[in-house]
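Results of the structural survey
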Amino acid sequence: MTALLDIRSLNVDFRTPRGRVHALRDVSLQVPKGKIVGVVGESGSGKSTVIWTVTRLLAANGVVESGEAIFDGQDLLTYPEPRMQEVRGEKVSMVFQDPMTSQSPVLSYGQQMTDILYRRPEPDAEKMRRAVEMMRRVGIPDPESRIAQYPHQFSGGMRQRAGIAMALLMDPMLLVADEPTTALDVTMEAQIIHLIRELQREFEATIMVVSHNLGLIAELCDEVVVMYAGEVVEHGDVRDIFYRAAHPYTRALLECDPAREMTRTRLLPVIPGDIPDLHIKPTGCVFAPRCPKAMVVCRERQPDAHTLEGGHATRCHLLDPGLAEGPVAQAEHTAPEAVSEGPRSSGAPLLEVDHLSVRFRIMGALKARVKGVQEPFVDAVLNASLTLKRGETLGLVGESGSGKTTLGRAVLGLAEAHLGNVTFEGRDVLGLSPAAFKPLRRDMAMMFQDPVGSLSPRQTVRALVTEPFEIHGLSKGRLDEEAERLCDMVRLPLNFLSRYPHELSGGQARRVGVARALALNPKLIIADEPTAGLDVSVQGEILNLMGELQREHGLGYLIISHNLPVVRHISDKLAIMYLGRLVERGDSEAIFARPAHPYTEALVGGVPQPDPDKRRALVSIEGEVPSLASRPSGCEFHTRCKYATERCRAERPGDTVLGDGRIVTCHHPLTD
Amino acid sequence: MNPSDIPAPAPDPVRTGAAERAYSVRREKLILFLRNPQGMLGLFLVIMFFASAIFAPVFATHDPLTMDIPNRLSGPTADHWAGTDQLGRDTYTRVLYGGRVALEVAAIGVSVSLVIGLVLGMVAGFGPTWLDNLLLLIFDAIRSFPTVILALAAVALLGPSLKLVLAIVIVTSIPSYARLARTSTLALKRTEFILAERSLGASTPRILARHIMPNVIGPLLILSAMDVPVVVTIEAGLSFLGLGVQPPTASWGTVLNEGYLIIRDTPWMVIAGGIPLVLTTLGFTFLGEALRDIFDPKLRKGR
């Protein structure tokens, strides 16, 4: 087995005004011909730096200190720039994370694709034919006409397909995919994974996938390289990594993935601590400060590479000869314990959403009149009804564009509702003036999606967490005490109070967001994607904190998320949303175990499992979310539903109450 | 497992990575500025401008109005460093005092228009669409007047005075500040942190003053630094035409004007009146450009 790309002891530094950051240290990895190799690691692990170094697209302050990247027999790092340009695109091509920003918005796909073929001495008609062929190959319907379109006319999933088509156009020897599905929904992710696997077989391509998503890696890859803080800690066959992980970091990472936990746990596993400062070259094992098995030797000496059977290798002192323990058993160092359910949901409903509809105007009244459009609106939320009790957590799940965020905002009066009622503790809160709503905001708080972006950038943490008191004129003169109390509550060290949001990591910023939401002891918190932008090891910390505060204060949570595996662990009830309508509501355990709506089934099945033996043969759901502006007739899901019948196409289903109290909006609920 | 077992970020006696990064960003910007020769030259010239104007009486060798008839129209001498004018007044002293007029117009003109422009711009950006459109219409209407012609018309109606010059400078420069503030506000209006503030119940004035203003003021300050020479030249130009500062008060414009009349006898007055104008313009432009290069990441080199 020959390696197409062989990276040997690569060391890369970044020059910063504060000295050098040792971003990659002694990184060696092989990409064998015809295989899919996954590079997995959290943010700051240096996985992207590896790609940029190999493609020689490193930022201006990056320096390759030493090492080789042998590609097809020659060291890429010694190539002069003009030759490197021939390699990029021709022999090595890339699929980027966000197709919206990596494709030129002002050129049509046809133009972009013929541009890629500019080195080929072929007539333009031939180039266009190839481009159309490739677009067809990646599953873009009607490629002859769609090739003349621009990226903004494509949906997210289609754009990523087109991105893959562009990367494959030159028939590259190596395809590098950088987080290829991170910007996509679960159902799209499944389709893209399926597509990449198919194409790999067809083209016998060699693929290097970089991702933080363990499920994606398990589904897609043959071999896996695990990186932590600029070092390769373990590499091997995908089954070796997922079943016989030897390094404590790999094991911790696997345990943190909420999709792995098949039973519902209230407490998610975490990896304590932060990624080390790479300005200083670590003297011992780089993972030692966070390692539950760390020994004295781990802090003193760097571990050597130990080779286990079958090319599986790791760097850990636990495998040193002479150590009594030998290869460690699958120790669950952060074994989640069941938390007593305690006095949970009880009493009268805290929040009731009754047949709520929110619509957005898409053209002015005059223009609509001139154009003869009867209803110049799109309905973002339609007829949604929810009930949330005190101390209860309701998970609102759907793909992007399903209206879940709009629903959350409408409850807080941040988006204008069109029809329906929202009652909070028995009081009607819809349509209140901002002044009349203000006292209610003490009891209802919202956490926003972007942990750092939802904090005002020029305010200190102290100013941010005490702002609710200032706005509502409370606790005058005791703001410092309050700030300290809140900091303690979310376990943020007190010296963080003088920091600014950009000085915080994602997890720390999220803690500030939690503290701010809890400042006035609210009864309800609406959390929009509380784990978005956080690493797996940190998301558990935040959710555990939220759960603990819920038990302490009897909070009601409305958690909005697209991440079903995460939401399932912390929710009592689930509501599944599709195109602005709730399609299934009920107990979260029951929904997850036996989805009744085909869409729920697709969502549950769409989550890639971090288990290479559970690869899905078929994509659970085809097609894409239709546009809100042109809703399908009858049941709006029928265009993607594999159980759809004539009745579904013609008639809108009503709510069906199942035996266990679940409400499903489907003509043919999946009951056994 | 009880709640206290849930790991928290370790309390850190030293600064952690993120804080250190932010700290180093600030220091990095300072270092970048100190290493920028153009910026340092600009800073030096700007300090000179302020110092010479504020401490004019200290640096002056004569009284700006005292006439030394025997030595009228002299070139540079030991007594009169930059020569004298047709009435024998010391040109060096008059240029120093002229700087005070320039500073006064620049400081008041720029700061007042900055404040008004900032407020109007934020209101336009954050307020309802009709208000935005109305304000934009007014801004664009004002911008369509040529400043000097507007000043000529106003002076013809109301008579020449420094106050009028100031008023014209302020009115005509408000739109450019307001436009910039409006654009930045529009960009911020849809961000999550503004939505987060609204969800806490913050009032619009509070959002504008505490959360929008600190984020839009930076580019405005840089623009204002680059606007100072424009204002100074408008003042000098109007004074040169006899529409601004009235004799015998010294201004760079009046010194130039008087020098222009006697340029066949001696070139020194035109030179002495022109040099500070050139240096001030260069100073503020260099300073403004250096600040913009450092604080506007889009224009910085490298990735």
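Here is what the cut-offs are and how they apply
- Residues numbered from 1 in each chain as written.
- Chains lettered and ligands numbered in written order.
- Predicted model: local features only at pLDDT ≥ 70, side-chain atom pairs only at ≥ 80, totals over all residues.
- Helix = DSSP H or I, 4+ residues; strand = E, 2+ residues; numbered from the N terminus.
- Buried ≥ 20, exposed ≤ 12 C-beta atoms within 10 Å, placed from the backbone.
- Contact = placed C-beta atoms within 7 Å.
- Rg over C-alpha atoms; globule rule 2.2 N^0.38 Å.
- Pairing = 2+ DSSP bridges.
- Axes fitted to C-alpha atoms, helices over the stretch in contact; angles between N-to-C directions.
- Left-handed = near helix turned anticlockwise from the far one by under 90°.
- Nonpolar A, V, L, I, M, F, W, Y, C, P; charged D, E, K, R; others polar.
- pLDDT = per-residue confidence, 0-100.
- Right-handed = clockwise from strand over helix to strand, strands pointing away.
- Domains from an automatic or database assignment.

**With respect to the overall build of chain B**
- The helix and strand tally for chain B stands at eleven helices and zero strands.
- The N-to-C order of helical and strand elements in chain B reads α-α-α-α-α-α-α-α-α-α-α.
- When each of the 303 residues of chain B is scored for burial, the buried share is 41%.
- Residue pairs in contact within chain B that sit at least 24 positions apart in sequence constitute 69% of those at least 6 positions apart.

**Topic: the overall build of chain A**
- The secondary structure content of chain A amounts to 23 helices and 24 strands.
- A compact globule built from 672 residues should have a C-alpha radius of gyration of about 26 Å, and chain A, at 26 Å, falls within 12% of that.
- Based on the C-alpha atoms only, the size of chain A along its principal axes is roughly 70 × 65 × 50 Å.
- Across the 672 residues of chain A, 49% fall into the buried class.
- Taking the intrachain contacts of chain A between residues at least 6 apart in sequence as the baseline, contacts between residues at least 24 apart amount to 68%.

**Details of the sheet that holds strand β21 (residues 573-578) of chain A**
Residue and element names in this part refer to chain A.
- Here we have eight strands laid out as an open sheet, ordered β18-β19-β20-β15-β21-β22-β24-β23, and mixed in their pairing. The open sheet has two free edges, formed respectively by β18 (444-447) and β23 (655-657), since each of these has just one partner strand. Here the strands of the sheet are splayed against their neighbours by 20° on average, with no regard to which way each runs.
- Bridge count for β18 against strand β19 (residues 524-528) is four bridges, and the pairing is parallel. The partner of alanine 445 across the bridge, within β19, is isoleucine 525.
- Each of β18 and β19 touches helix α18 (residues 506-518); the most contacted strand, β18, lies at about 170° to it.
- The strands that helix α22 (residues 598-606) touches are β15 (393-397), β21 and β22 (581-587); relative to β21, the one it contacts most, it runs at about 105°.

**What about the packing of helix α4 (residues 91-126) of chain B against helix α9 (residues 204-240) of chain B?**
Residue and element names in this part refer to chain B.
- Viewed as axis vectors pointing N to C, α4 and α9 meet at an angle of 145°, and their least axial separation amounts to 7 Å. The two elements α4 and α9 meet at a crossing, and its hand is right-handed.
- Its residues assigned to classes, the contact of α4 with α9 shows 19 nonpolar, three polar and two charged.

**Some thoughts on the sheet that holds strand β11 (residues 305-307) of chain A**
Residues and elements named next belong to chain A.
- Pairing is mixed across the open sheet formed by eight strands, whose spatial order is β6-β7-β8-β3-β9-β10-β12-β11. One side of each edge strand has no neighbouring strand; the edge strands of this open sheet are β6 (92-95) and β11. Each neighbouring strand pair of the sheet contributes to a mean axis angle of 20°, computed without reference to strand direction.
- As paired strands, strand β10 (residues 231-237) and strand β12 (residues 313-315) are joined by two bridges and run antiparallel to one another. Residue pairing for β12: histidine 235 is matched across the bridge by alanine 313.
- Where helix α7 (residues 156-168) meets the sheet, its contacts fall on β6 and β7 (174-178), and the angle it forms with β6 comes to roughly 175°.

**A look at the confidence of the model for chain A**
Residue and element names in this part refer to chain A.
- Chain-level pLDDT for chain A is 85 on average; 94% of the residues reach the 70-or-more range.
- Mean pLDDT across the elements of chain A bottoms out in helix α3 (residues 99-102) (80) and peaks in strand β3 (residues 36-40) (93).
- Counted against residues more than four places away or in other chains, residues 324-343, with its pLDDT under 50, gives 22 contacts.

**Re the environment of Tyr557(A)**
All names here are of chain A.
- One can find tyrosine 557 in strand β20 (residues 556-561).
- The exposure class assigned to tyrosine 557 is buried, which follows from the 23 C-beta atoms found within 10 Å.
- Taking C-alpha positions, tyrosine 557 is 22 Å from leucine 432, a pair spaced 125 residues apart along the chain.
- Dropping the residues within four chain positions of it, tyrosine 557 is found in contact with Thr393, Leu394, Ile525, Ala527 and Gln550.

**Considerations on unusual backbone geometry**
All names here are of chain A.
- Of note in this structure, arginine 56 is not a glycine but carries a positive phi near 60°.
- Assignment of secondary structure puts arginine 56 in the loop between α1 (47-54) and β4 (62-71).
- Positive phi outside glycine occurs at aspartate 142, with the angle close to 55°.
- Checked against the element boundaries, aspartate 142 lands in the loop between α5 (124-137) and α6 (143-146).
- Residue aspartate 142 is classed as exposed on the basis of its 9 C-beta neighbours within 10 Å.

**What about the pairing of β19(A)?**
Residues and elements named next belong to chain A.
- Buried residues dominate β19, accounting for five of its five residues.
- Of the strand pairs in this sheet, β19 and β20 are connected by five bridges, and their pairing is parallel. Bridge pairing links aspartate 528 to isoleucine 560 in β20.
- The parallel pair β19 and β20 is bridged by helix α19 (residues 536-553), and the resulting crossover is right-handed.

**Some points on the domain arrangement of chain A**
Residues and elements named next belong to chain A.
- Split by domain assignment, chain A resolves into domain 1 (3-91 + 172-319) and domain 2 (102-165).
- The gap between the C-alpha centroids of domain 1 and domain 2 is 30 Å.
- At the interface, nine residues of domain 1 touch nine residues of domain 2.
- When contributions to the side of domain 1 that touches domain 2 are tallied by element, the ones reaching two or more residues are α2 (81-90) and α8 (186-203).
- Among the elements that make up the side of domain 1 that touches domain 2, the one with the highest residue count is α8 (four residues).
- A breakdown of the residues in the side of domain 1 that touches domain 2 according to their chemical character gives six nonpolar, two polar and one charged.

**Some remarks on helix α14 (residues 404-411) of chain A**
All names here are of chain A.
- With eight of eight residues buried, α14 is to be regarded as a mostly interior element.
- Of the positions making up α14, those classed as buried are Lys404, Thr405, Thr406, Leu407, Gly408, Arg409, Ala410 and Val411.
- Of the residues trailing α14, glycine 413 is marked for its positive phi of about 75°.

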